[in-house]
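# Structure at a glance
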Amino acid sequence: MSVDKSVILVTGGSGLVGQAIKTLVEKELQEGTKFSRNETWVFCGSKDGDLREKAQTEALFEKYQPTYVIHLAAMVGGLFHNMANNLSFFRENMAINENVLYASHKHGVKKVVSCLSTCIFPDKTTYPINETMVHNGPPHPSNYGYSYAKRMIDILNRGYHEQHGCRWTSVIPCNVFGPHDNFRPQASHVVPALVRRMADAIDNGDATFTVFGSGKPLRQFIYSLDLAKLIVWVLRSYDSVEPIILSTDEEDEVTISAVAETIKKAYGYTGEIVYDTSKADGQYKKTASNKKLRSLYKDFQFTPFETAIQESVDWFKKNREQARI
Ligand code: NAP
Ligand code: GFB
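A few points on the structure. Quick caveat: nothing in here was measured; it's all calculated off a predicted structure.

## A closer look at the environment of valine 76
Relative to the helices and strands, valine 76 is located in the loop between β3 (68–71) and α3 (79–84). Separated by 17 residues in sequence, valine 76 and asparagine 93 place their C-alpha atoms 9.0 Å apart. Sequence-distant contacts of valine 76, defined by excluding residues within four places in its chain, comprise His81, Phe89 and His189.

What follows is the structure, encoded as structure tokens:
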């Protein structure tokens, strides 16, 4: 990235990952790091413009004239939200991605970093999954809409690069959690869902707490504040059109049961955890390799899962009133 004055537009800036990047950038500004002095960061949510609409997307780019774009905006949700809304996930995300990348090219944006997800890889696959496997077969049926829309970001990136020389790229995070998450019951991912529901169980004095599914599926989780550091590093230092997985190590994969037990410990909840196996488990595993990341960013330290969960629970207890619940 040049050290000239630049404007960095973060679409989806009001969400979980966007707010983590905002926290990071504000800390850099306070510390007066060499980059921050020349950067103006703009964090947008849907109130700044509905990116499903081409005209509103163009107006947003006209207003801010971004030099760089971190493209996070998307219809996002957990397993059950995806299962119930695959068409909407496909159509909304296809529209958002087409509009943002078209506007980025039209306005001469120097670089765009977009977001895929480890849940979009083929359902039938070998492990560990790596960046070359994005299009090697159909995704898990529970979230095919979101998965195919996200895969088209990679196709668009390659097309803009080949036809126009654009330096568009994408990152592939594993499951993310942290402050400012989406705690809404229908839409949320497993960590915010359990954090919110366990707070309710404690308030109600419930002797048991129900985890959906068997608790057996395996997931890698990255703390949003760690992902923020990695996305900003990709913007500043990674210049390939090929996607890069941003995930914790394979051996840090945990079961959903372990997630629930960790949240229970963070709350100091003494009730019994029970499982509702009538509810779906979703993908059993989607173990991804972070070998490429580790080869390029050797000394990156991930926040330990228990620490990240404790910080997230503490954040929720303190900010529950204004959280997305
Ligand atoms: P989030 O908390 O749900 O935030 C979504 C963001 O997108 C919000 O700022 C939202 O704005 C914005 N948005 C949604 N629809 C929009 C529209 N039509 N026009 C303009 N903005 C719109 O999501 P997140 O977890 O931060 O996800 C950020 C990115 O990471 C997404 O691309 C997601 O696919 C990816 N990702 C997330 C996870 C995860 O576990 N969370 C895992 C892998 C990848 P408003 O809230 O103001 O409407
Ligand atoms: O984060 P999550 O909803 O989505 O996790 P995925 C689902 C797993 O957690 C399943 C269990 O095994 C659920 O049975 N679970 C237990 C719960 N209790 C709950 C609960 O109260 N709420 C939820 N949501 N799950 C998503 C994809 O897959 O991964 C999205 O569908 C997205 O597209 C996201 O990419 C990162 O990890 O299964």
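Right, picking up where we left off after that structure.
## Digging into helix α4 (residues 86–106)
The end-to-end C-alpha distance of α4 is 30 Å, a good match for the 30 Å that 21 residues give at a rise of 1.5 Å each. Turning to α4, its buried residues are Asn86, Phe89, Asn93, Ile96, Asn97, Asn99, Val100, Leu101, Ala103 and Ser104. Two residues or fewer after α4 comes glycine 108, characterised by a positive phi angle close to 65°.

## Concerning the site of ligand 2
Around ligand 2 lies a shell of 25 residues, among which Cys119, Asn175, Arg219, Ala280 and Asp281 are the nearest. Note that a nitrogen atom of ligand 2 is positioned 3.1 Å from one of the backbone N or O atoms of serine 188. One of the backbone nitrogen or oxygen atoms of valine 190 is found 2.9 Å away from an oxygen atom of ligand 2. Its free accessible area being 710 Å², ligand 2 has 97% of it covered by the protein chains. Residue assignment for the shell around ligand 2 shows that the elements contributing at least two residues are α3, α6 (190–204) and β7 (208–212). Its residues assigned to classes, the shell around ligand 2 comprises 12 nonpolar, nine polar and four charged.

What counts and how
Residues numbered from 1 in each chain as written. Chains lettered and ligands numbered in written order. Predicted model: local features only at pLDDT ≥ 70, side-chain atom pairs only at ≥ 80, totals over all residues. Heavy atoms only, no water. Helix = DSSP H or I, 4+ residues; strand = E, 2+ residues; numbered from the N terminus. Contact = heavy atoms within 4.5 Å. Expected span 1.5 Å × (residues − 1). Buried < 20%, exposed > 50% of the residue type's maximum accessible area, 1.4 Å probe, protein only. Near = heavy atom within 4 Å. Polar contact = N/O pair within 3.5 Å; in protein donor to acceptor, adjacent residues only side chain to side chain. Areas by Shrake-Rupley, 256 points an atom, 1.4 Å probe, with all protein chains shown as cover. Nonpolar A, V, L, I, M, F, W, Y, C, P; charged D, E, K, R; others polar.

Note that all results are geometric; they support no functional claim without further evidence.
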